[in-house]
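Below, each chain spelled out in residue letters.
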Amino acid sequence: MKKKVAIVVPSLRGGGAERVIVNIIRHLDLDKFDIRLFLIKKEGPYLKSVPKNITIIDLDSERVRYSVIKLIKKLNEFRPEVILSTLGYLNLVLLAIRGFLKGKPKIVIRHAISPTKSLENLPFLRRNLYKKIYSYYYSRSDVVIAQCQEMLEEISEIYNVERSKLRKIYNPLVIREIQEKSKLENPFQDNKINLISAGRLTPKRDLTFC
């Protein structure tokens with residue numbers, strides 16, 4: 001029998017965490033997993049990359065906090081065995097509502113930002129409040145995924161998460177897609193200096209609860 005997996009993200013607007021989730025979905029074995037993708041808002045350029053045979057549950061909410069009741073209802077209708085989430089504030093919401101979820105699903109959270117970097121510019125009181133909140137809720141998770149060893153160490157020390165719950169999993173690379181694109185025509189000119197810029201024209205992220 002297939003294992004029921006709910007993957008929960010705010011949207012597919014184009015951030016790094018969203019790309020990682022889409023890459024994971026595209027490479028999971030659908031003979032082994034029954035997957036539902038839960039989106040707080042069904043929008044974003046990565047929607048077109050989600051396989052057609054993946055069911056998307058659109059909660060149609062503008063903010064995570066407005067979607068809580070819908071999220072509980074839809075998760076209980078599906079009754080997943082495992083819930084995978086990424087992005088800090090959504091991780092916290094899922095851990096906060098786990099007592100309302102039927103079937104006692106395991107909650108696996110992926111922490112996408114270095115705790116040191118995300119906390120360093122916050123005022124003292126706010127920084128310590130966030131550390132306490134994350135420490136409390138992350139301790140209630142089943143697994144916390146870090147993207148590298150350094151991040152794993154930070155989550156353990158700053159958020160006081162048990163080592164037994166931590167897993168280091170590097171972000172996936174779509175090697176075949178990269179190889180195919182490498183065969184396309186080179187857009188750069190050999191006789192000129194070529195400049196490359198990488199980034200997004202969006203406001204700087206922070207830890208504001210959404």
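Quick notes on the rules
- Residues numbered from 1 in each chain as written.
- Predicted model: local features only at pLDDT ≥ 70, side-chain atom pairs only at ≥ 80, totals over all residues.
- Heavy atoms only, no water.
- Buried < 20%, exposed > 50% of the residue type's maximum accessible area, 1.4 Å probe, protein only.
- Helix = DSSP H or I, 4+ residues; strand = E, 2+ residues; numbered from the N terminus.
- Pairing = 2+ DSSP bridges.
- Right-handed = clockwise from strand over helix to strand, strands pointing away.
- Patch = residues over 30% accessible without salt bridge, like charges linked within 9 Å, V, L, I, M, F, W, Y side chains within 5 Å.
- Areas by Shrake-Rupley, 256 points an atom, 1.4 Å probe, with all protein chains shown as cover.
- Salt bridge = Lys/Arg side-chain N within 4 Å of Asp/Glu carboxyl O.
- Axes fitted to C-alpha atoms, helices over the stretch in contact; angles between N-to-C directions.
- Expected span 1.5 Å × (residues − 1).
- Contact = heavy atoms within 4.5 Å.
- Polar contact = N/O pair within 3.5 Å; in protein donor to acceptor, adjacent residues only side chain to side chain.
- Phe/Tyr/Trp six-rings, centres within 6.5 Å; stacked < 30°, edge-to-face > 60°.

Attention now moves to the pairing of strand E5 (residues 106-110). Every regular strand shows the same layout, with side chains that alternate between the two sheet faces. In terms of residue burial, E5 counts as a mostly covered element, since four of its five residues are buried. Of the strand pairs in this sheet, strand E4 (residues 82-86) and E5 are connected by five bridges, and their pairing is parallel. By the bridge assignment for E5, isoleucine 83 is matched with isoleucine 107. Taken together, E4, helix H3 (residues 88-97) and E5 constitute a β-α-β crossover, and its handedness is right-handed.

Take a nonpolar patch on the surface next. A cluster of nonpolar side chains, namely Leu173, Ile175 and Ile178, defines an oily patch on the protein surface of about 310 Å² accessible area. Positionally, isoleucine 178 belongs in helix H7 (residues 175-181).

Across the sheet, seven strands lie side by side as E3-E2-E1-E4-E5-E6-E7; this open sheet has parallel pairing. Lying at the two open borders of the sheet, with one neighbouring strand each, are strand E3 (55-58) and strand E7 (166-168). Averaged over all pairs of adjacent strands, the angle between their axes in this sheet comes to 25°, without regard to strand direction.

Our next topic: the pattern of salt bridges. Applying the stated criterion across every chain, the model contains eleven salt bridges. Among the ionic pairs, arginine 36 bridges to aspartate 34, the shortest N-O distance being 2.5 Å. Note that glutamate 62 is salt-bridged to lysine 41, the shortest N-O span being 3.1 Å. Remark: lysine 41 occurs in the loop between strand E2 (33-39) and E3 and glutamate 62 occurs in the loop between E3 and helix H2 (68-78); sequence separation between them is 21 residues. Taking relative accessible area as the criterion, glutamate 62 reaches 57% and is therefore assigned exposed. Through salt bridges that share partners, Arg26, Glu177 and Lys181 make up one connected network.

Right, let's get into helix H1 (residues 16-27). Here H1 spans 17 Å end to end across twelve residues, near enough to the 16 Å set by a 1.5 Å rise per residue. Every buried residue of H1 is accounted for by Ala17, Glu18, Val20, Ile21, Val22, Asn23 and Ile25. Tucked into the core, H1 has its buried residues touching strand E1 (3-9), E2, E4 and E5.

Position of glutamine 147 among the secondary structure elements: in the loop between strand E6 (143-146) and helix H6 (149-158). Looking at glutamine 147, its side chain comes within polar contact range of the main-chain oxygen of histidine 111, at 3.4 Å. Reaching out from glutamine 147, the side chain makes a polar contact with the side chain of asparagine 171 at a distance of 2.9 Å. Glutamine 147 has contacts with Arg110, His111, Ala112, Ile113, Ile169, Tyr170 and Asn171, leaving out every residue within four places of it along the chain.

Right, let's talk about the packing of aromatic side chains for a bit. This structure, assessed with the given rule, holds five aromatic pairs. Look at tyrosine 136 and tyrosine 137: their rings are 4.9 Å apart centre to centre, the planes differ by 80°, and that puts the pair in the edge-to-face class. Taking the relative accessible area as the measure of exposure, tyrosine 136 reaches 48% and is therefore partly exposed. Note on tyrosine 137: relative accessible area 22%, which makes it partly exposed.

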